[in-house]
Amino acid sequence: MSIASRIFKKMCTRSDALRDKGLTVPENVTLIENLSYGPDSKWHTLDVCYPKDKPSSATVINVHGGGYVYGSTTPYKFYCCDLAARGFTVVSFNYRLAPKHKFPSPLEDLNLVMQWVLDHTADYPLDPENILMVGDSAGAQLASQYAVIWSNPEYAGIMGITPPEFRFAAVGLNCGMYDLLAHTTSDKRLAPIVRDYFTGKPERFGEKLNVLKYINSSFPPAYLISAPGDFLAEKCQPMAELLTSRGVECEYRLYGDKTTGHVFHINIRSELADEANTDQLAFMMKYVRSS
């Protein structure tokens, strides 16, 4: 692992712990942790949380961030439980991380999660006809790429990933980066982490990195979030404009000011986070079908 990735992991670990200190799982939420969804007992685990006091409106798949080298279900526990308290079943999963596991390991794991959802509808309030997916930072990139795999069979063939049969109702893309070609060739700020995930020769992945080329009108409706203080804020509007130009229902918004930073929406103590999450869920619920 690069020195940059080690420093990044330490910073994120401290920041996440401070943000969530003292939080507890809401009493009106059922949380089940460390369920197995795949063959790797170390990585292939997930959590499910859902409301105790009302029916679930839809199923939310959370794709965690962390630059492909950091992250797990733990720093997202209270964010996911907050979504569950709002009336959703939330699936939050661990995926294989770099540098040990390279591109496209997380996408393969996400596909296993979707199959797990279909296989466990009798065990938990999961609705494969109303799948909402949210992701932040690297998780937003992964969620958007998986949405392309789901919506474009040509790109699914290029990736060698075949999604199971489910309905992708909408996606929430938060503080993300989306252009893998640019990211692997010209974004020098993240170069060491890029090497950890994409190797020192990302060109070996060829057309797999040309994700944006394969976005079409079948891409699920999308709500994009960022903030003026987010170091990836400049990625938000171009992605939203690209989606709109391809016929995708899309909205985007920057919240707060220059003091509002990367993945601010995860801090459930924040009124601004509550506003952003409320707006995003309201947008996505427009595309949920009633049973």
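In case you missed it, the structure is sitting above this.
Residues numbered from 1 in each chain as written. Predicted model: local features only at pLDDT ≥ 70, side-chain atom pairs only at ≥ 80, totals over all residues. Heavy atoms only, no water.

(A) Main features of the layout of surface pockets. Estimated volume of the largest pocket: approximately 670 Å³. Lining the largest pocket are 30 residues, with Phe8, Cys12, Ser137, His262 and Val263 sitting closest to its centre. Of all elements in the fold, only helix H1 (3-20) and helix H7 (191-198) reach the threshold of two or more residues within the lining of the largest pocket. A per-element tally of the lining of the largest pocket places H1 first, with 8 residues. Here the residues of the lining of the largest pocket are counted per class, giving 19 nonpolar, 8 polar and 3 charged. By volume, the second largest pocket amounts to about 200 Å³. Taken together, 13 residues make up the lining of the second largest pocket; nearest its centre are Tyr178, Asp179, Leu212, Lys235 and Pro238. Going through the elements one at a time, helix H6 (180-185) and helix H8 (236-245) are the ones with two or more residues in the lining of the second largest pocket. Here the lining of the second largest pocket gets 3 residues from one element, more than from any other, and that element is H8. Of the residues assigned to the lining of the second largest pocket, the class counts are 7 nonpolar, 2 polar and 4 charged. (1 Å grid on protein atoms, 1.4 Å probe; cavity = no way out; pocket = protein on both sides within 12 Å on 5 of 7 lines; lining within 4 Å. Points joined across faces, edges and corners; volume = space filled by probe spheres on them. Helix = DSSP H or I, 4+ residues; strand = E, 2+ residues; numbered from the N terminus. Nonpolar A, V, L, I, M, F, W, Y, C, P; charged D, E, K, R; others polar.)

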